[in-house]
Amino acid sequence: MTSLQEILLVDSLLLVLVTVTAVAIIEVRSLYAVAMLTGVYSLLMALVWTNMHSMDVAFTEAAVGGGISTILLIGTLVHTVRDEKPAKRRLHLPALLVTVLTGGALIYGTFDMPDFGDPKATIHHYRVPEMMSQTVAFATGRVGKQAPPADYQPPPRMVPTLSAEQLAAERRRADERLKAGDHGDHHLHPADDFNGHVPNAVTSLLAAYRGYDTMFETTVIFTAGVALLLLLRRPRREDDEDEPQPGSEPLRGQVILRVMSKLFIPFILAFGFYVITHGELGPGGGFQGGVVIATAFILYALIYGRPALYAVISPGNLERLAALGVLVYSGVGAACLLLGGNFLDYAALDRASPGDGEALGMTLVEYGVGITVSTVMIIIFNQLAEQQPKARAS
Amino acid sequence: MSGYFGIYNYWIYIALMMIGFYGVIAKMNLVKQAIALGIFQTGIFLFYISMAVVDGGTAPIWTTIGDGSLKHLGPYDNPLPHVLILTAIVVSVSILAVALALIINIKRAYGTIEYDEITRLDSDEIDDA
């Protein structure tokens, strides 16, 4: 357990680096350098998240920011320009004025903010202690594969298990304990049922408490894939085969890259599947694992060329899989409905052992997210790489 | 923990947001603008994750020992902002991808991705018509 001072010490150093990198990204004119700097920026940010104990976010940031965005940016620069046009003036005064004024107003607002790490801050109360206290376990306090106690009645989902008066009394008692400075273990409020009882609270919230939200986030990503296809797909012409496709052959001759990528790809894939499957027990989940799996495919396409990638998985199948992921997610929700629960009420999947049902539902849902995220990332990469270089385009 | 050090993180988030904001306004290159928008977003991410920290807290993941029973690690950081930002990061890369696709199409149509040149080309077209 780290104390707040230690966190802040590392934090203040890292954030200085982050800010300097951000200024460099805005000011450097070579766009390739900017693309690499954004990679550095994201990795620094991943360190900041880790330092603040936000493992799942750090995971995502490292995979998305350090990996995918950098590749996407470079893929775009190949088809557009390499350097920013020199500006007429070094400093854009109106913009500076607007940002300084806005920033000043926001800083004025921070004086009302609770201190960093203050356990009494509003955000840590109301429903959060309830969610945390329930994240694991029925009455036995054991995780995952346990049968509920003999007299256990599954409560109606999302409905308070205590009467309104009892809840109010419990809340008052909790508030008094808070006032007395006792906010240690987050077990302050009585149980409403939040329908998510797995050890990783982040996954529990992601897949159960905010299950609808996550489903539509997945849909947003799917929509981005569709948008890329609509914006960039062009009808295949007869002479396409004869033209050297950009990005198809350039790295084949590099022995070191070829051997190393062959060594790496199985491990990247295994790690990706581990991250998805393990999401309910430790840091990880569908978003992180999906991006990790996508990087394995993208690495393969970068080194061996996209035709080799299409031999592994055809563009049509990629599109079908992207849709399948969303279908898996909503299908699990529909299955819960059919089994007599609410939409995405995973406990309905296994009435005899609701804990197992929840673990099963969350894992399935995470796989749905993982499938959509990984295939959409590969589709995005393919669409950006498939463009003709600028000389031919004009 | 009090005084200005307690709100240091909020100042950095504002600094990052304003650096991104400046980039969006002042830079004419469309790729640069898309990246600046990303910096603006990470500023907001920092704000959320900073709020989630609890003094003495640890990552909101429960640990189990041998027989599957729980080991209580004490207070946890707030998991809710983590969830919000986790999905927001993946959505932000989708936004970046769609923006880059639009930029490639703009390059195809106008031959440039500098905002002021595109505006000039547009106004020339209007003058010609």
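Calculation notes
Residues numbered from 1 in each chain as written. Chains lettered and ligands numbered in written order. Predicted model: local features only at pLDDT ≥ 70, side-chain atom pairs only at ≥ 80, totals over all residues. Helix = DSSP H or I, 4+ residues; strand = E, 2+ residues; numbered from the N terminus. Buried ≥ 20, exposed ≤ 12 C-beta atoms within 10 Å, placed from the backbone. Contact = placed C-beta atoms within 7 Å. Expected span 1.5 Å × (residues − 1). Domains from an automatic or database assignment. Nonpolar A, V, L, I, M, F, W, Y, C, P; charged D, E, K, R; others polar. Axes fitted to C-alpha atoms, helices over the stretch in contact; angles between N-to-C directions. Parallel < 35°, antiparallel > 145°, perpendicular 65-115°, else oblique. Left-handed = near helix turned anticlockwise from the far one by under 90°. pLDDT = per-residue confidence, 0-100.

(A) Examining the overall build of chain A more closely. Looking only at helices and strands, chain A features 14 helices and zero strands. Written out in order from the N terminus, the α and β elements of chain A read α-α-α-α-α-α-α-α-α-α-α-α-α-α. In chain A, which comprises 394 residues, the proportion classed as buried is 41%. Taking as baseline every contact in chain A between residues at least 6 positions apart, the subset at least 24 positions apart corresponds to 71%.

(B) Spatial organisation of helix H2 (residues 30-52) of chain B. Along its 23 residues, H2(B) runs 34 Å from first to last C-alpha, staying within 8% of the 33 Å computed at 1.5 Å per residue. Of all the 23 residues making up H2(B), 21 are buried; the element is thus mostly covered by neighbouring parts of the structure.

(C) Structural detail: the domain arrangement of chain A. All names here are of chain A. Domain boundaries in chain A define domain 1 (1-86), domain 2 (122-179) and domain 3 (200-394). At the junction of the two partners, domain 1 supplies 15 residues and domain 3 supplies 20 residues. Taken together, the residues of the side of domain 1 that touches domain 3 break down into eight nonpolar, six polar and one charged.

(D) Seen up close, the interface of chain B and chain A. In this assembly, 78 residues from chain B lie in contact with 95 residues from chain A. Elements with a minimum of two residues in the side of chain B that touches chain A: helix H1 (8-26), H2, strand E2 (69-71) and helix H3 (79-110) of chain B. Looking at the side of chain B that touches chain A element by element, the count peaks at 23 residues for H3(B).

(E) Fine view of the packing of helix H8 (residues 211-232) of chain A against helix H12 (residues 315-338) of chain A. Residue and element names in this part refer to chain A. Between H8 and H12, the least distance of the axes is 10 Å, while the angle of their chain directions is 165 degrees. Here H12 runs roughly antiparallel to H8, going by the angle between their axes. In the crossing of H8 with H12, the sense of the turn from one axis to the other is left-handed. Residue-level inspection shows Met215, Thr218, Thr219, Phe222 and Gly225 of H8 in contact with H12, the latter providing Ala322, Ala323, Gly325, Val326, Tyr329 and Ser330. The class makeup of the residues in the contact of H8 with H12 is six nonpolar, five polar and no charged.

(F) Highlighting the confidence of the model for chain B. Residues and elements named next belong to chain B. Chain-level pLDDT for chain B is 84 on average; 86% of the residues reach the 70-or-more range. Mean pLDDT across the elements of chain B ranges from a minimum in E2, with 58, to a maximum in H2, with 92. Reported for the predicted complex are a pTM of 0.82 and an ipTM of 0.91.

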